[in-house]
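For reference, the chains in residue letters:
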Number of protein chains: 2
Amino acid sequence: MDRYLIVSTDGHAGLPMEGYRDYLESKYFKAFDEMLPIQREMTRKSEELFLISDFNDKWRQGIEEELTGAWDGAMRNKIIDADGVAAEVLFPDGITEMNAPPFGAGLGLRPWGVDPELQWAGARAHNRWIAEFCKEDPVRRIGLAIVLMLYDVDEALKEVKWAYDNGLRGILIPALMGDYDAYNHPKYYPIWEFCQEHKMVVHTHSGPSPDYDFNLPGAVGVYLTEFAWWAGRPLWYLIFGGVFEKFPNLKFVLTEVSEFWIPHLLEMMDVRASVKHTSGKLGDFRSNLTMAPSEYFKRNCWVGASALFDEGSTAVRHEIGIKNVMWGTDYPHPEGSWPKTREKLVTYFKGMPDTEITQILGSNAVDCYDLDYRELNPIAERIGPAKADFVAN
Amino acid sequence: MDRYLIVSTDGHAGLPMEGYRDYLESKYFKAFDEMLPIQREMTRKSEELFLISDFNDKWRQGIEEELTGAWDGAMRNKIIDADGVAAEVLFPDGITEMNAPPFGAGLGLRPWGVDPELQWAGARAHNRWIAEFCKEDPVRRIGLAIVLMLYDVDEALKEVKWAYDNGLRGILIPALMGDYDAYNHPKYYPIWEFCQEHKMVVHTHSGPSPDYDFNLPGAVGVYLTEFAWWAGRPLWYLIFGGVFEKFPNLKFVLTEVSEFWIPHLLEMMDVRASVKHTSGKLGDFRSNLTMAPSEYFKRNCWVGASALFDEGSTAVRHEIGIKNVMWGTDYPHPEGSWPKTREKLVTYFKGMPDTEITQILGSNAVDCYDLDYRELNPIAERIGPAKADFVAN
């Protein structure tokens, strides 16, 4: 093949807010109708607070039609064809902030400051819609279910099974905040076991955070310093909790956290797990592990590297693990590479060994999500970027 | 001088639990008497949970007398003489877990899960005692007041002033958890202003964390991966909040977090503050800063590097800033260098340029705490380690 297969591991899809009503259980219609104008108002206010309404309005101007690819399947395929993308992993929150699932079940998923029952209802509404959306084109759309597993393991397991039965390929789990049992709790084993057995990939995605007071000076800087930590936090609970020891084929993906700091995280975990830096006074805590934390990462974890995959990320790709880094366009978010993915990829990857480009753009995702080259290669042969463009001059 | 001046920037002092009663306001006696057996029991249980009672019992065996240096001034001076230390910065929690200030006002200082009024009472009891302890030998004892500034700015300012008037040289502030205004809030300016004007150095120290469930597998590994983040968190609120921009002579010290990851933190802040990694959609948040985050760090911040200052720390000393790293023995904690500080320093620093050893062991602390060589050098000339021992063979 003289083209690259691109599997974007960071795409977003979601209905315009009001559209989720049709996917809700009817008993939540009233709450939904009450919430909708409030959510619209809050979204608008938040854009104003961040001084971003201008930015977002400008971004949306003139591409309103293309942005309907957030929920319109025909437009979606047209968009990703043009972008050179064969398949996508689909997270919620289509167009930034404007079509997140209701009741706080979007990317900012957290078990805090929301009503669990309503958040579940919102999550199920999205899951039902995204399953439908993916069934339209199951080869190109790798859908994730939102699974609020911190609230109720039985309910969560039911939802994971529903997701699997309905063609979804992984789950998005909440950040760790509030008074819930953390991901190192054995009560979650049935979820990990099901995910391992059925190749459902577990994800976190940047977004969730505590409530920063964005009226205070520098709060955005604080958020930007912390967001990757909040997104990554479940990872070290899983690693130190021995979850990957017990479920050696479980797969975890950390998405859109930028990549430059991942080697630091691996170093931090390995140093802290070593005798020299922990001191005897904290007793034994490694007997549930047979490998260094970074070794579990390399075996069980991937980074869904999107949007900002620049020199800072390429520089550390081997430290992260060349098999553990996957590309994502982040369509339709403004910080993503769409609609210039082809050009940007050449900028980022030109001169990199062909095997590494192949891995980062596609084959690592094929491994991670257990995809089928026989289905994907024909698409890539039609729309993938030409390998020749990536050869150093 | 043919000896090094050592100022240990991480020492601990505190009364045996029951001793704090005499320093409490009498209206808290009843609460104290009720709390004391519970605190003893919890300390013992916690040691058992961590499987550390053996370790700690073994550590204490045979050095019971030396450990009284945690509160006994004559013993303290004898101990640090033998260790080659001219002066020390004194945090609470003398002997690990066994003589912390009452009501959760010790190193694990946090604004969460405690009664603020009682915690204040415990903090004041310690402040009164440590002020008395430092007055016995004001050259060698640099005492810090525990200031629970998240609860009440007026009360906190009163306490900082009291501390200054009573010879204390800095403050230990709580970690950021719970529903309190964060350190980027302008309401704290009076505290920073007073500290800047009176050269009171602001500190955090490793220890505070949320309530991990240590019965769960790997929880200690999680804690060890996160503790430095919790200790460091106030730092990036201060930096991005523009506090060092507004108070350019304010001094902040991050203590006993190990050092290897500090360059990563500086990189994280600088990258996040750069245009390329933040994306326009989050609006403006840097107009309150005139420098890169790492530049504020190098101007206003220090690392109190203790106990684990091994090759991992020496390797990054220039990345942190050779003027920003200070040594600490962590006496009387078991993970510290006491009673073998002299030998350990030679192991860590032998062959390092003399000027750098001078900076790390003493002169950086002299700058940070505004100490007086005329008072310290005569002590170092008597007990400091011989420079000759540090020259490479």
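Now for a look at the structure at hand. (Residues numbered from 1 in each chain as written. Chains lettered and ligands numbered in written order. Predicted model: local features only at pLDDT ≥ 70, side-chain atom pairs only at ≥ 80, totals over all residues. Heavy atoms only, no water.)

## Section: the nonpolar core
Here is step 1 of the chain: W192(A) and W192(B) are the most contacted members of the largest nonpolar core, which has 272 residues in total.
Here is step 2 of the chain: Setting aside chain neighbours within four positions, we find W192(B) in contact with M149(B), I173(B), Y183(B), V202(B), L238(B), V243(B), F247(B) and L250(B). (Core = buried A, V, L, I, M, F, W, Y, C linked by side-chain atoms within 4.5 Å. Buried < 20%, exposed > 50% of the residue type's maximum accessible area, 1.4 Å probe, protein only. Contact = heavy atoms within 4.5 Å.)

## Structural notes on the sheet that holds strand β4 (residues 170-172) of chain B
Residue and element names in this part refer to chain B.
Here is step 1 of the chain: Taking strand neighbours across the sheet as the criterion, the eight strands line up as β1-β2-β3-β4-β5-β6-β7-β8 in an open arrangement whose pairing is parallel. A single partner strand is all that each edge strand has here, and the edge strands are β1 (7-12) and β8 (325-328). Looking at each pair of strands side by side, their axes are set apart by 30° on average, direction ignored.
Here is step 2 of the chain: The pairing of β4 with strand β5 (residues 201-205) spans three bridges and is parallel. Note that in β5 the partner of L172 across the bridge is H203. (Pairing = 2+ DSSP bridges. Helix = DSSP H or I, 4+ residues; strand = E, 2+ residues; numbered from the N terminus. Axes fitted to C-alpha atoms, helices over the stretch in contact; angles between N-to-C directions.)

## A few points about the state of the cysteines
Here is step 1 of the chain: This model, assessed by the stated rule, comprises zero disulfides over all chains.
Here is step 2 of the chain: Note on C368(A): no disulfide assigned, nearest cysteine sulfur contributed by C301(A) at a separation of 9.5 Å.
Here is step 3 of the chain: With no disulfide partner, C134(B) has as its closest neighbouring cysteine sulfur the one in C368(B), 16 Å distant. (Disulfide = S-S within 2.5 Å.)

## With respect to the packing of helix α8 (residues 219-240) of chain A against helix α10 (residues 262-273) of chain B
Here is step 1 of the chain: Two elements in contact, α8(A) and α10(B), have axes separated by 8 Å at closest approach and are oriented at 120°. Taken together, the axis directions place α8(A) and α10(B) in an arrangement best described as oblique. By crossing handedness, the relation of α8(A) to α10(B) is classed as right-handed. Residue-level inspection shows L224(A), T225(A), F227(A) and A228(A) of α8(A) in contact with α10(B), the latter providing M268(B), M269(B) and R272(B).
Here is step 2 of the chain: Here the contact of α8(A) with α10(B) is composed, by residue class, of five nonpolar, one polar and one charged. (Parallel < 35°, antiparallel > 145°, perpendicular 65-115°, else oblique. Left-handed = near helix turned anticlockwise from the far one by under 90°. Nonpolar A, V, L, I, M, F, W, Y, C, P; charged D, E, K, R; others polar.)

## Quick notes on the packing of helix α10 (residues 262-273) of chain A against helix α11 (residues 293-300) of chain A
Axes are the key here: two packed helices are described by the angle between their axes and the distance separating the axes.
Residues and elements named next belong to chain A.
Here is step 1 of the chain: Contact pair α10 / α11: the axes reach a minimum separation of 7 Å and the direction vectors enclose 135°. The orientation of α10 relative to α11 falls into the category oblique. Each of I262, L266, M269, D270 and A273 in α10 lies in contact with α11, whose residues at this interface are P293, S294, F297 and K298.
Here is step 2 of the chain: Each residue belonging to the contact of α10 with α11 can be placed in one class, and the counts come to six nonpolar, one polar and two charged.

## Section: the sheet that holds strand β5 (residues 201-205) of chain A
Sheet strands line up and pair through hydrogen bonds in the backbone, either parallel or antiparallel.
All names here are of chain A.
Here is step 1 of the chain: Taken in spatial order, the eight strands make up an open sheet running β1-β2-β3-β4-β5-β6-β7-β8, and their pairing is parallel. Each having just a single partner strand, β1 (7-12) and β8 (325-328) make up the two edges of the open sheet. Along the sheet, successive strands turn relative to each other by an average axial angle of 30°, direction set aside.
Here is step 2 of the chain: Note that β5 and strand β6 (residues 252-255) share four bridges and pair parallel. Bridging across to β6, V202 finds its partner in F252.

## Side note on the side chain of D83(A)
Residues and elements named next belong to chain A.
Here is step 1 of the chain: Position of D83 among the secondary structure elements: in helix α4 (residues 73-83).
Here is step 2 of the chain: Although D83 lies buried, it forms no salt bridge, and the closest oppositely charged side chain, R342, sits 6.0 Å away as judged by the N-O distance.
Here is step 3 of the chain: At a separation of 2.5 Å, a polar atom in the side chain of D83 contacts the side chain of T341.
Here is step 4 of the chain: D83 has contacts with T329, W338, P339, K340, T341 and R342, leaving out every residue within four places of it along the chain. (Lys, Arg positive; Asp, Glu negative; His and termini not counted. Salt bridge = Lys/Arg side-chain N within 4 Å of Asp/Glu carboxyl O. Polar contact = N/O pair within 3.5 Å; in protein donor to acceptor, adjacent residues only side chain to side chain.)

## Structural notes on helix α7 (residues 189-197) of chain B
Residues and elements named next belong to chain B.
Here is step 1 of the chain: Within α7 the residues assigned to the buried category are Y189, I191, W192, F194 and C195.
Here is step 2 of the chain: Next to the buried residues of α7 lie α6 (153-165), β4, β5, α8 (219-240) and α9 (243-246).
Here is step 3 of the chain: Just past α7, the residue K199 takes up positive phi, approximately 55°.

## Some words on the pattern of salt bridges
Residues and elements named next belong to chain A.
Here is step 1 of the chain: Applying the stated criterion across every chain, the model contains 34 salt bridges over all chains.
Here is step 2 of the chain: Between D81 and R140 there is a salt bridge, with the nearest N and O atoms lying 2.7 Å from each other. With D81 in helix α4 and R140 in the loop between α5 (116-135) and β3 (141-146), the pair connects residues that are 59 residues apart, well separated along the chain.
Here is step 3 of the chain: For R374, the salt bridge goes to D372, with nearest N and O atoms at 2.9 Å.
Here is step 4 of the chain: For R374, a relative accessible area of 72% corresponds to the exposed category.
Here is step 5 of the chain: The exposure class of D372 is partly exposed, given its relative accessible area of 22%.
Here is step 6 of the chain: Sharing partners across several salt bridges, the network here consists of E25, R124, E155 and K158.

Note that all results are geometric; they support no functional claim without further evidence.
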